[in-house]
Amino acid sequence: MLILFACLFFWGCSEPQENIEAKLSAYLQDDLKFMVAQTLKASNDKGALLDSPYFKIRDLRFFDKEHSKMYSAYANVEFFIYRDIEMFEERKYRYDNRFLQWDRYLKRWHFGTDVDKN
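Quick notes on the rules
Residues numbered from 1 in each chain as written. Predicted model: local features only at pLDDT ≥ 70, side-chain atom pairs only at ≥ 80, totals over all residues. Heavy atoms only, no water. Pairing = 2+ DSSP bridges. Helix = DSSP H or I, 4+ residues; strand = E, 2+ residues; numbered from the N terminus. Axes fitted to C-alpha atoms, helices over the stretch in contact; angles between N-to-C directions. Phe/Tyr/Trp six-rings, centres within 6.5 Å; stacked < 30°, edge-to-face > 60°. Buried < 20%, exposed > 50% of the residue type's maximum accessible area, 1.4 Å probe, protein only. Lys NZ or Arg CZ within 6 Å of the ring centre and 35° of its normal. Contact = heavy atoms within 4.5 Å. Salt bridge = Lys/Arg side-chain N within 4 Å of Asp/Glu carboxyl O.

**Q** What exactly am I supposed to notice about the sheet that holds strand 3 (residues 87-96) here?
**A** Strand pairing in a sheet relies on backbone hydrogen bonds, with the paired strands running either antiparallel or parallel. The strand order across the open sheet built from 4 strands is 1-2-3-4, with neighbouring strands paired in antiparallel fashion. A strand with exactly one partner marks an edge of an open sheet, and here the two such strands are strand 1 (49-62) and strand 4 (101-111). On average, adjacent strands in this sheet sit at an angle of 20° to one another, irrespective of strand direction. Both strand 1 and strand 2 (residues 71-82) contribute to a ladder of 9 bridges, which runs antiparallel. Of the residues in strand 2, the one forming a bridge with L60 is A75.

Structure follows, in structure tokens:
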């Protein structure tokens, strides 16, 4: 009986993709706000930042239950916050099925600009 209950609980915890995407959007907004706040705290130069810092989701994938015991989604996101510095931060995220939340697991800086702008 206990095993049956555990299986039903585990399968009942899967979420619709819309909910997972909404959680990602909120998480990314928080990350962006934090990046801007940390930059302002370090330099106090608002002119170094874009008027409207932004992020772009470059890759968002969902995995079927058969191939995703731990993670059901993946996102690769680029954050653009600087006005005159040609750098952006890439962050990678995965959606943890056990805790029903996004997990950031990689942050790395790159030289360059938004390839979609211009």
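**Q** Sorry if this is basic, but what is going on with the pairing of strand 4 here?
**A** Within a regular strand, the side chains alternate between the two sheet faces. Judged from the 10 bridges that link them, strand 3 and strand 4 form a sheet pairing that is antiparallel. Residue R91 lies in a different strand from strand 4, and its bridge partner there is K107. Linking strand 3 back to strand 4 in an antiparallel pair, the connection comprises 4 residues, with L100 at a positive phi of about 55°.

**Q** Hey, could you run me through the packing of aromatic side chains in this one?
**A** Note on aromatic pairs: each is described by the distance of the centres and the angle between the planes. Tallied over the full model, the rule gives 6 aromatic pairs. Arranged with centres 5.1 Å apart and planes meeting at 25°, the rings of Y54 and F80 form a pair that is stacked. Here Y54 is found in strand 1, whereas its partner F80 is found in strand 2, with 26 residues between them in sequence. Each of the two residues, Y54 as well as F80, counts as buried. With centroids separated by 5.5 Å and ring planes inclined at 70°, the aromatic side chains of Y95 and W102 adopt a geometry described as edge-to-face. Each member of the pair, Y95 as well as W102, carries the same accessibility label: buried. Grouped by ring-pair contacts, the aromatic residues Y54, F80 and F88 constitute a single cluster. In this structure, R91 is placed above the aromatic ring of F79, and the distance from its NZ or CZ to the ring centre is 5.4 Å.

**Q** Would you mind going over the environment of F111 with me for this structure?
**A** In this fold, F111 is placed in strand 4. Take F111: its relative accessible area is 75%, and that puts it in the exposed class. Spatially, the C-alpha atoms of F111 and M87 are 4.4 Å apart, while their sequence positions differ by 24 residues. Apart from residues lying up to four places away in sequence, F111 is in contact with E86, M87 and F88.

**Q** What is the right way to look at the pattern of salt bridges in this model?
**A** Opposite charge on two side chains lets them pair, provided their charged atoms get close. Enumeration according to the criterion identifies 14 salt bridges in this entry. The partner of R104 in a salt bridge is D31, and the shortest N-O contact between them spans 2.8 Å. Placement of the pair is R104 in strand 4 and D31 in helix 2 (residues 17-43), with a sequence separation of 73 residues. Of the residues examined, R104 reaches a relative accessible area of 30% and is grouped as partly exposed. For D31, a relative accessible area of 7% puts it in the buried group. The salt bridge partner of E90 is R108, with a shortest N-O separation of 2.9 Å. In this pair, E90 sits in strand 3 while R108 sits in strand 4, placing the two residues 18 residues apart along the sequence. Taken together, the salt bridges that share partners define one network made up of K56, R58, E78, D114 and D116.

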